[in-house]
Amino acid sequence: MERNTASVGLVSLGCSKNRVDSERLLGMLVSYGFTVVNEPSRADVLIVNTCGFIDSAKEDSIVNVLEMAQYKRDGRCKCLVVTGCLSQRYPDELRAELPEVDVFTGVSAAGYDELAKKLARMFDLNGNAGCGGRLLTTPPFRAYLRIADGCDNCCTYCAIPLIRGGRKSVPMERLLDEARSLADGGVTELTVIAQDTTSYGMDLYGKPMICELLKALARIEKLKWIRLLYTYPNTVDEALIDTIVSEEKLLNYIDMPIQHIDSDMLKRMNRHGTREHIEHIVEYIRRAAPDFILRTTAIVGFPGETEAQFAELLEFFKRHNFDRLGAFTYSQEDGTPAAEYEGQVCDEEKRRRYDALYTMQQEISMRRNAARVGGTERVLVELITDDTLYCRSYAEAPEIDGFIIVERGDRDVKEGDYMDVRLTAAREYDMIGVPI
Ligand code: SF4
């Protein structure tokens, strides 16, 4: 009996955590019998996995939905689906404003299972009933491992707890199975993510288990690199740093969003942890491994932020020289406590503070990169175009940091290969290297 087929196209917006949802959904749909297409004009089903974190992301999501809706009018698309954080956060509003959308679903795993079943029924597909693994949308040699979903920290500016609820850690055995199957599928670089990775396990095991998880991941033979992102400052401790520094596969790299450093600002943001603790951890890291890469993010223009408090933030970054810094202007998100706060800072002033921090960090980043020149580093070949290899070392996280740019010459190398390079020049965000 000839099996029915249907094609699906998916636009995955927002963060890497949302991308994991997209990959799980695509895996289920493929196992039902769908084929995945990259051109929306060839898709029977179009799915937009939205982001609803801040205003600019919400606008971008709507623009993408309206763009895909075109293919329902002019193309072969028979079903337009909207999933993810925006439809989780505003289901009724979106239904009213976007009549061209056939199906809305939120962020729950059960919702995704239900959606895959519904689409399979709609196209009369009955493959292996949705038991496929993730269909990676990253290059085959790297993947994200989402170890928990949701967050209990309730920062006063953040809508995530409103969208994804409280922290739900994934049982360690399931994570290790997932990591092993990713490694068997060719993944060598694993990036560990969640809204707050360092409180992993608190809800399941009654205590943080991130060190135990990282050590267990490092024992998976086929994995070469394991990187930890989205840590929460006050649960970053010496034991975690010692674990990372002592395990070769655990990269000397940490993403630790601090958002601010002034004690009053941290309190108004409901950020747990103190300036003293953050400074202690930064200094501990610098002593433990001078080549350790420190990434962070900061919010400028939070309601009530005075010029003096902003100056304190600048002075802190000037003194501690983070390798990577993502700066954001405060976004007044409805439903969050901070949106109602007095002392909202005007856009022009937010912009001025953002530019000041950004410009200062450019100099720091350049200086930190220049200090690496002359050194040799193991790199992963991320992308090859014509005669150029775009590589990353332990110091460059995928999709958020720069590259080590290497001339290919006549080298027989392919994406996903590892090789050694000597760093010959520095730029603000990229490095230049030659193979050795
Ligand atoms: S730690 Fe704060 S900013 Fe991050 S997801 Fe949780 S509530 Fe949001």
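The text that follows walks through the structure, step by step, so that each part is easy to find. Each chain has its residues counted from 1, running along the sequence as written. Given that the model is predicted, a residue must reach a pLDDT of at least 70 before its local features are reported, and side-chain atom pairs must reach 80 or more before they are shown or counted; all residues, however, enter totals for whole chains, interfaces and linings. Side-chain measures here rest on the full set of heavy atoms in the structure, leaving out hydrogens and waters.

Quick look at the site of the ligand
Throughout, the term near means that a residue has one or more heavy atoms lying within 4 Å of the molecule or strand in question. What surrounds the ligand is the set Cys-151, Asn-153, Cys-154, Cys-155, Tyr-157, Cys-158, Ile-160, Pro-161, Gln-195, Tyr-232 and Arg-271. Under the scheme applied, nonpolar residues are Ala, Val, Leu, Ile, Met, Phe, Trp, Tyr, Cys and Pro; charged residues are Asp, Glu, Lys and Arg; polar residues are all the others, including Gly. Counted by class, the shell around the ligand contains eight nonpolar, two polar and one charged residues.

Comments concerning helix 12 (residues 275-288)
A rise of 1.5 Å per residue sets the reference length of helix 12, with its 14 residues, at 20 Å; its end C-alpha atoms lie 20 Å apart and thus fit the reference within 8%. Exposure classes here rest on a 1.4 Å probe applied to the protein chains alone. A residue is buried below 20% of its type maximum, exposed above 50%, and partly exposed in between. Secondary structure counts use DSSP, requiring at least four H or I residues in a row for a helix and at least two E residues in a row for a strand, with both numbered from the N terminus. For helix 12, the set of buried residues is Arg-275, Ile-278, Glu-279, Ile-281, Val-282, Tyr-284, Ile-285 and Arg-286. Note on definitions: a residue-residue contact is assigned when non-hydrogen atoms from the two residues lie within 4.5 Å. Summarising the contacts, the buried residues of helix 12 are in contact with helix 10 (238-246), strand 11 (250-255), helix 11 (263-268), strand 12 (293-300), helix 13 (307-320) and helix 14 (347-370). Expected helix span is computed as 1.5 Å times (number of residues minus one).

Quick look at the sheet that holds strand 15 (residues 388-392)
Whether two strands pair depends on DSSP finding at least two bridges between them. Reading around the barrel, the five strands line up as 14-15-16-18-17 and close back on themselves, with mixed pairing between neighbours. Taken over all neighbouring pairs, the strand axes of this sheet differ in orientation by 50° on average, direction set aside. Bridge count for strand 17 (residues 418-426) against strand 18 (residues 431-435) is five bridges, and the pairing is antiparallel. Bridge assignment links Leu-423 to a residue of strand 18, and that residue is Gly-433. Here, axes are lines fitted to C-alpha atoms. For helices the fit covers the stretch in contact, and angles between N-to-C directions go from 0 to 180 degrees.

Examining the pairing of strand 18
Every other side chain in a regular strand lies on the same face of the sheet, so the side chains alternate between the two faces. Sheet topology note: the strand 16 (residues 404-407)/strand 18 ladder contains three bridges and is parallel. Bridged to Ile-405 within strand 18 is Ile-432. Between strand 17 and strand 18, which follow one another and run antiparallel, lie four residues.

Some words on the packing of aromatic side chains
A pair of Phe, Tyr and Trp rings is counted when the ring centres sit within 6.5 Å of each other, with Trp represented by its six-membered ring. The angle between the planes then sorts it: under 30 degrees is stacked, over 60 is edge-to-face, the rest tilted. Taken as a whole and assessed by the stated rule, the structure comprises eleven aromatic pairs. Taken together, a centroid distance of 5.1 Å and an interplanar angle of 85° make the contact between Trp-225 and Tyr-418 edge-to-face. Taken together, the residues span a long stretch of sequence, with Trp-225 in strand 10 (residues 225-228) and Tyr-418 in strand 17 at a distance of 193 residues. Accessibility assignment for this pair places Trp-225 and Tyr-418 in one class, buried. Taken together, Tyr-157, Phe-302, Tyr-330 and Tyr-341 form an aromatic cluster joined through their ring pairs. Its guanidinium or amino end placed over the ring of Tyr-230, Lys-17 lies 3.6 Å from that ring's centre, counting from NZ or CZ. Definition used: whenever NZ (Lys) or CZ (Arg) falls within 6 Å of the ring centre and also within 35 degrees of the ring normal, the charge is taken to sit over that ring. Of note, Arg-227 hangs over the ring of Tyr-253, and the distance from its end group to the ring centre comes to 4.8 Å.

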